Each structure stands twice: as structure tokens, then as C-alpha cells.
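Results of the structural survey
In case you want the letters, here they are:
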Amino acid sequence: MSDISPALSAFEYWVSMAGTIAFASTAVLAVAAKGIDVFGAVIMGIITAVGGGTIRDVILDVPVFWGSDLGYIWFAMAASFVTYYAQSFVSSRYVYSLMLYLDAAAVAMFAILAASKVLDAGFGGAAGPVLLGIVTAIGGGLTRDVLAGNETLLMKKELYAVPVTIGTVLFVAALPYYPEGELVLSIVCVLLIFFIRAAAIHWGLRVPRWMVVTK
Amino acid sequence: MSDISPALSAFEYWVSMAGTIAFASTAVLAVAAKGIDVFGAVIMGIITAVGGGTIRDVILDVPVFWGSDLGYIWFAMAASFVTYYAQSFVSSRYVYSLMLYLDAAAVAMFAILAASKVLDAGFGGAAGPVLLGIVTAIGGGLTRDVLAGNETLLMKKELYAVPVTIGTVLFVAALPYYPEGELVLSIVCVLLIFFIRAAAIHWGLRVPRWMVVTK
Amino acid sequence: MSDISPALSAFEYWVSMAGTIAFASTAVLAVAAKGIDVFGAVIMGIITAVGGGTIRDVILDVPVFWGSDLGYIWFAMAASFVTYYAQSFVSSRYVYSLMLYLDAAAVAMFAILAASKVLDAGFGGAAGPVLLGIVTAIGGGLTRDVLAGNETLLMKKELYAVPVTIGTVLFVAALPYYPEGELVLSIVCVLLIFFIRAAAIHWGLRVPRWMVVTK
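Residues numbered from 1 in each chain as written. Chains lettered and ligands numbered in written order. Predicted model: local features only at pLDDT ≥ 70, side-chain atom pairs only at ≥ 80, totals over all residues. Heavy atoms only, no water.

Tallying secondary structure elements over chain A gives eight helices and zero strands in all. Mapped from its N terminus to its C terminus, chain A presents α and β elements in the order α-α-α-α-α-α-α-α. Taking 2.2 N^0.38 as the reference for a compact globule, 215 residues should give roughly 17 Å; the C-alpha atoms of chain A span a radius of gyration of 17 Å, in line with that estimate. Viewed in the frame of its principal axes, chain A has a C-alpha envelope of about 50 × 50 × 30 Å. Counting across all 215 residues of chain A, residues that qualify as buried make up 58%. Taking the contacts inside chain A whose residues are at least 6 apart along the sequence as the reference set, 74% of them involve residues at least 24 apart. As presented, chain A carries roughly 9,000 Å² of accessible surface, and 69% of it is formed by carbon and sulfur atoms. (Helix = DSSP H or I, 4+ residues; strand = E, 2+ residues; numbered from the N terminus. Rg over C-alpha atoms; globule rule 2.2 N^0.38 Å. Buried < 20%, exposed > 50% of the residue type's maximum accessible area, 1.4 Å probe, protein only. Contact = heavy atoms within 4.5 Å. Areas by Shrake-Rupley, 256 points an atom, 1.4 Å probe, with all protein chains shown as cover.)

What follows covers the relation of the copies chain A and chain C. Least-squares fitting of chain A to chain C yields an RMSD of 0.0 Å, with the transformation described by 0.0 Å of translation along the axis and a rotation of 120°. The superposition operator between the copies reduces to a three-fold rotation axis. Of the interface residues in chain A, just 11% have counterparts in chain C that sit at the interface too, so the contact is made through distinct surfaces. (Least-squares fit on C-alpha atoms with pLDDT ≥ 70 in both.)

What follows concerns the interface of chain A and chain C. A common measure of how large an interface is: the accessible area buried when the components associate. Listed by partner, the interface residues are 27 residues for chain A and 27 residues for chain C. Summing the contributions of chain A and of chain C, the shared interface buries around 2,300 Å²; its carbon and sulfur component is 74%. Between the two partners, chain A and chain C, sit zero salt bridges. At the boundary of chain A with chain C, the tally comes to six residue pairs in polar contact (both at pLDDT 80 or more). When residues of the side of chain A that touches chain C are assigned to their parent elements, the largest contribution, eight residues, is made by helix 2 (residues 38-60) of chain A. Of the residues belonging to the side of chain A that touches chain C, the class tally is 18 nonpolar, six polar and three charged. (Buried area = accessible area lost by both parts, 1.4 Å probe. Salt bridge = Lys/Arg side-chain N within 4 Å of Asp/Glu carboxyl O. Polar contact = N/O pair within 3.5 Å; in protein donor to acceptor, adjacent residues only side chain to side chain. Nonpolar A, V, L, I, M, F, W, Y, C, P; charged D, E, K, R; others polar.)

Attention shifts here to the side chain of T26 of chain C. Residues and elements named next belong to chain C. One can find T26 in helix 1 (residues 6-32). By relative accessible area, T26 is classed as buried at 10%. Polar side-chain contacts of T26 include one of 3.2 Å to the backbone oxygen of F23. In terms of polar contacts, T26 uses its side chain to reach the side chain of D103, at 3.4 Å. The residues touching T26, leaving out its near neighbours within four places in the chain, are M99 and D103.

A word on the relation of the copies chain B and chain C. With an axial shift of 0.0 Å and an RMSD of 0.0 Å, the rotation relating chain B to chain C amounts to 120°. Both copies present different contact surfaces, since only 11% of the interface residues of chain B are interface residues in chain C too.

A few words now on the environment of A105 of chain B. Residues and elements named next belong to chain B. Residue placement: A105 occurs in helix 5 (residues 93-121). On the basis of relative accessibility, which here comes to 26%, the residue A105 falls in the partly exposed class. Along the backbone, A105 and P63 are 42 residues apart, and their C-alpha atoms lie at a distance of 25 Å.

So, about the pattern of salt bridges. Opposite charge on two side chains lets them pair, provided their charged atoms get close. Taken as a whole and assessed by the stated rule, the structure comprises twelve salt bridges over all chains. Measuring nitrogen to oxygen at the nearest pair gives 3.0 Å for the salt bridge that ties K117 of chain B to D57 of chain B. With a gap of 60 residues between them, K117 of chain B in helix 5 and D57 of chain B in helix 2 (residues 38-60) connect regions that are remote in the sequence. Owing to a relative accessible area of 0%, D57 of chain B belongs among the buried residues under this scheme. Between R144 of chain B and D145 of chain B there is a salt bridge, with the nearest N and O atoms lying 3.2 Å from each other. For the pair formed by R144 of chain B and D145 of chain B, the shared burial category is buried. Connected via shared salt-bridge partners are R56, D57 and K117 of chain A.

Take the confidence of the model for chain A next. Residue and element names in this part refer to chain A. Of the residues in chain A, 96% reach a pLDDT of 70 or more, and the chain-wide mean stands at 89. The weakest mean pLDDT in chain A belongs to helix 4 (residues 87-90) at 82; the strongest belongs to helix 2 at 95. The ipTM for the predicted assembly is 0.90, set against a pTM of 0.93. (pLDDT = per-residue confidence, 0-100.)

Turning next to the interface of chain B and chain C. Contacts between chain B and chain C engage 27 residues on the former and 27 residues on the latter. Three residues stand out in chain B for area buried against chain C, namely L154, M155 and V213 of chain B, and they jointly supply 27% of the buried area on that side. Between chain B and chain C we count zero salt bridges in total. For the pair chain B and chain C, the interface holds six residue pairs in polar contact (both at pLDDT 80 or more). Counting residues per element, the ones that place at least two in the side of chain B that touches chain C are helix 2, helix 6 (127-148) and helix 7 (161-174) of chain B. The greatest single-element share of the side of chain B that touches chain C, amounting to seven residues, is contributed by helix 6 of chain B. For the side of chain B that touches chain C, the residue count by class is 19 nonpolar, five polar and three charged.

Given 3.6 residues per helical turn, the α-helix brings residues three or four places apart onto the same face. All names here are of chain B. The end-to-end C-alpha separation of helix 2 is 33 Å, in line with the 33 Å expected for 23 residues at 1.5 Å each. The sharpest bend along helix 2 reaches about 50° and sits at V50. Just downstream of helix 2 lies D61, where phi reads positive at about 60°. (Expected span 1.5 Å × (residues − 1). Bend = angle between axes of the 7 residues up to and from the residue.)

Time to look at a nonpolar patch on the surface. Together, I166, L170, V184, V188 and L192 of chain A line one region of the surface with nonpolar side chains, adding up to about 380 Å² of accessible area. Within the secondary structure, L170 of chain A sits in helix 7 (residues 161-174). (Patch = residues over 30% accessible without salt bridge, like charges linked within 9 Å, V, L, I, M, F, W, Y side chains within 5 Å.)

As a further point, take the packing of helix 6 (residues 127-148) of chain C against helix 7 (residues 161-174) of chain C. Relative placement of two packed helices is described by the angle separating their axes and the distance separating the axes. All names here are of chain C. One way to put it is that helix 6 packs onto helix 7 with a least axis distance of 9 Å and a crossing angle of 145°. Considering the relative orientation of helix 6 and helix 7, their crossing is right-handed. Across the interface between the two elements, P129, V130, G133, I134, A137 and I138 of helix 6 pack against A161, V164, T165, T168, V169 and V172 of helix 7. When its residues are assigned to classes, the contact of helix 6 with helix 7 shows nine nonpolar, three polar and no charged. (Axes fitted to C-alpha atoms, helices over the stretch in contact; angles between N-to-C directions. Left-handed = near helix turned anticlockwise from the far one by under 90°.)

Written out as C-alpha cells, the structure is:
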């Protein structure tokens, strides 16, 4: 998507930054209950915000994205700091809901942007973009949960990684048929991920029963 | 081992795929008991199957192996999916035993192939191939256990990483004396790892007492 | 700091090795209580000693440092092995104190050396050197704690990462004003980190109260 218009690039940039803020902010709330100090909280916020994309870039062997655009780091740091000292405000019902939906929008956009980046790099045929799209979207959160000693979302039956997978698979599967329509297709896939995830947040949806086998 | 004959390469390739299946399948059984959904199980299966080799390639700074051969991903995905919905079959005594021995064969072969690859890259003298051989063999399983919240095998006193180390050290130590005999030497070392590990599985062997100090 | 004098390089090299020993040795003591075997202990010691710098080099996309200087691996291996079988000696009051202060010196030096390396690589403006300095200093210990199932230091309110951050920020902030004085500045910053950390060890200091918000 390097050939999209500058106006869209600017839009994409600021949505990325809003997503970075949401990632960092929800991360701080997820670890604050365990009595972490502000320093640990800021580190956790930064890791959550940039961790997934860092793993993706290291596997792709391309320069790590935040090395040349520190906006991600500064926004993650500021959001983590403010969230830590404003926990009661940020964890109030409306602000926290806003953060969850921003997080959903960020997950959706980061996954599709990542899939597009991996496709451009020609890494791993069709499976590479899907896998690294998922890694980009959830890798930071997984790292945070592991460092905080929390259960990771892979064990939680929350509808988080599933919508990411659906949207990313659709993007990678449909793009060969609409090579000229990457922009429209990526918007459709971002919205698809966002709306499934938003529905899961709003109605508290879990993964459907046929996806869980218990012995 | 890039100069071995095409027939052997084909053999090696299919044993690698069988090993990938065993890695993914035993991984799914290791996490399924905790009530994971099929999506999480497939992700865990893939991470376990390719995680170790991915860490090795990233440290070596060579292209990540599954980026150019997606067979690893597809086989891991299919094996994870089937294992998840056929848990009672795969965890039946004979099938699970088969998987354990396949896992042992895979661990042995992946470790020696990795050591050979690291030697060819000239990374880290004699210690690099041994260390990255171990990382390749157990890195995926360690990542899975960390993400699943299970105790990692490093804490378990199971004879798993020890045979890998013995075989890899032998390979790296003997190769300078038999540079023409890499193929035979690698087969010997793979068999050595496999038979120690198989003996550990069969007789339930643990690490010997002098290797465990308790205060 | 590649242009510093050979005598200092030798000094730096041997302090690095002493730091590597301290990292490995304290790591083994941190996991030995859980009944790990000697093999697992040595792996944990090596991971703790070289893990942080490995993550830094992978993110920077430069050759991993221990690939061309195996001294780090051999010293970490030997220190881990000896510590494991001499646990009662190493955990005696004076030897353990020595190890803690050596660990503090190593953390200080590794952080500033890393910040300098990242600055030279031009990665991530001012934030990159600070972040990767912290990663280098604590990344190995975090990996060890995760693999051992211990609470990570980010959750512990111990004054460990905070002095590293203070010293690294000072180094990166002051260097543009004293480009000729990198050597002096780096010694000052190493000593600053060391003395804050040593004070924290000696008086059992924790992070100050305003840095911890509990709801």
C-alpha cells in the first residue's frame, strides 16, 4: 500500500497513532491491578504497542518500523504514563469502552497493514501474510501477558484473534482477484475485523461451541 | 549438508514433514487439557513446530526457513486441526506413543540439521552450532509452554534436552576429524539422540541424580 | 566507543566477562531453588548472560555479538556449572553479595555500551538507545524468569530497571553536548547506575511511593 495517496497515508498514520495509544493504555490497565510501578507500566505499554510489529519485522528481516519513526514510542510512552496515573479515570466505564473499541480498530488496521507489508515482501506465499498479520496484531499483547504472569489470550476463548484471522485470510485470498482494488479491499477487511471484534466486545461473545473441544 | 544427494534430500524433506506433524500434534495435546479453542490450538501447534527454527534463523540472520517452504506451515496447521478434533483418538495409547517417538526422531534430526546449518554459516565457532541446535530442537516447545502457562521442560528433569546436547556436541566435535563423512556422522548423531530419547520415553528415565542438586 | 584505546578495550572486555559471570551465577541461584537439573541451570545461565544483547542485536539487525566472541558463552557456561554445584558456597552471604554487586556493575556497563552501540547504528533517534539499553540490561533476566515460571522483575518494584533508565537517559541526553567526551560521559553514567543500584542492594530500597499507584 505504498502507492496510496498522501492524504490517506496521513489518515493511516494518525489512526496508527490512535491505535498505539489504545494498545498502550489497555495494556497498562491490564497489568496495573497487579501492583506494578509506573516504570514497569510504561515498559509494558511500549512492549504491547510495538511488540507485535517488531517480531514481524525481525522475521521478515526488514528494518524494525519504530527505528525510523519514533512517534510510536513517544505516543505509547505518553499514553502509558497518563493511563497509569489516571487509572480511575481511564478505567471508568465510558473511557475504557472507548479504549476497547480503539484497540479493536487498531488490531484490525495493524493486521491488514502487516499482511500487505508481508505480501509486498513476498514472504511465505499466502500463509506468511496471514500468520504475520496475526503475530503483528496479538504479539505485543502476548508478550505483555507473559511478562506480567497473566493468562495469554490464546488460552481465553475470547473472540480476539479469530476476527483478525478471518479478515486477514479474506484480504490475502481476494487480493489476487482485485490487484487494482487493494485500497478498497483493505478497508473492507479492516471494517470486517473491527465489526466482528466490536460485536464481541458489545455482546460479550466467546468463540462458538464447536471451536472448543473438552474431553 | 547442502551437497547431499537429491534422493537423500527428498528423504530428509519428508522426515522433516513427519517431524513437523509430530511437533504440532503433541503440542496440541499438551495445551488441549487447559480448555483452549481450536484457533488457539492451531496457533500453538504452528508455533511449536516452527518456533525453534525461526529463532535460530533470526539469530543467524538468514532468511527464516518457512518463508520459502510453506510445507512446514501447512503440515503443522493440518496436524494441529486434526489432532484438536481427534483428541481422544490421538491421545489413545498407541497413537500417542507413535507421536512421542516421531517427536523424538524430529528433535534428533532438527538438532543435527540445525548444527550443520550453523556450522556452514560459520556462526559461533563450536559453541554456536551446539547452542542453536538445542534452541532449534526445544525453542518451539518452550515458547508453547510459556504461552500456555505450563511449566517449561527446562524445569522438568525430563531427559529431553540432554540427549539433544550429547548428540550435537558429538557432531560438532567429531566433524573436523571426518570432514568427508558428514553424512554418516550426522546419521550416527541423529540415531544417538533418538535412541537415548526413545529409551527415556520407554523406561520413563529422568535426568540422573548427580545432575540434580537440591539444597 | 570503537575508537577508545586498546588498553581500555581490554579493561572493558574483562569487565564484560566478569559481568557475564555475575549474570550467569545469579541466574543459576535464582532458578536452583525450584529443583532444576544442571543442564537446565546452564541453559538458564547462558540465556540470562547473553539474552538481552541478543535481542538488541536482532532488533538492530547487526551480527549477534556472541557469534564472533565465544568468550561470553564459555564464561557463562563455566560460571553456571560451578555455581550449580557450589550453591551453598555461592549463596553464602559474602559471595552472594559480591555477585549482586558484580551484577550491578555488569548491568550498568552493558546498558551504556548498548546505548553507545545503538547510537552509532543511528537506530531510533534518542529513544532507541535508551530502550535497547534497557532491553540489553534486563532482557536476559526477563527471559530467564519467564522460562522458570518466576515473577519477572517488571512486576517486583525492585530498583533494578529504574537506575538503568536514569543512567541511559543521561548518557543519550548529554552526549550531543560533549561529543568529544563520550568516554568520560560513559564512565560517569556507568558509575551513576552502579551506585544507585548498589544503594538499592545495600539498603534494600524499593521504588518510591509516588511511582506506585494502587487502586
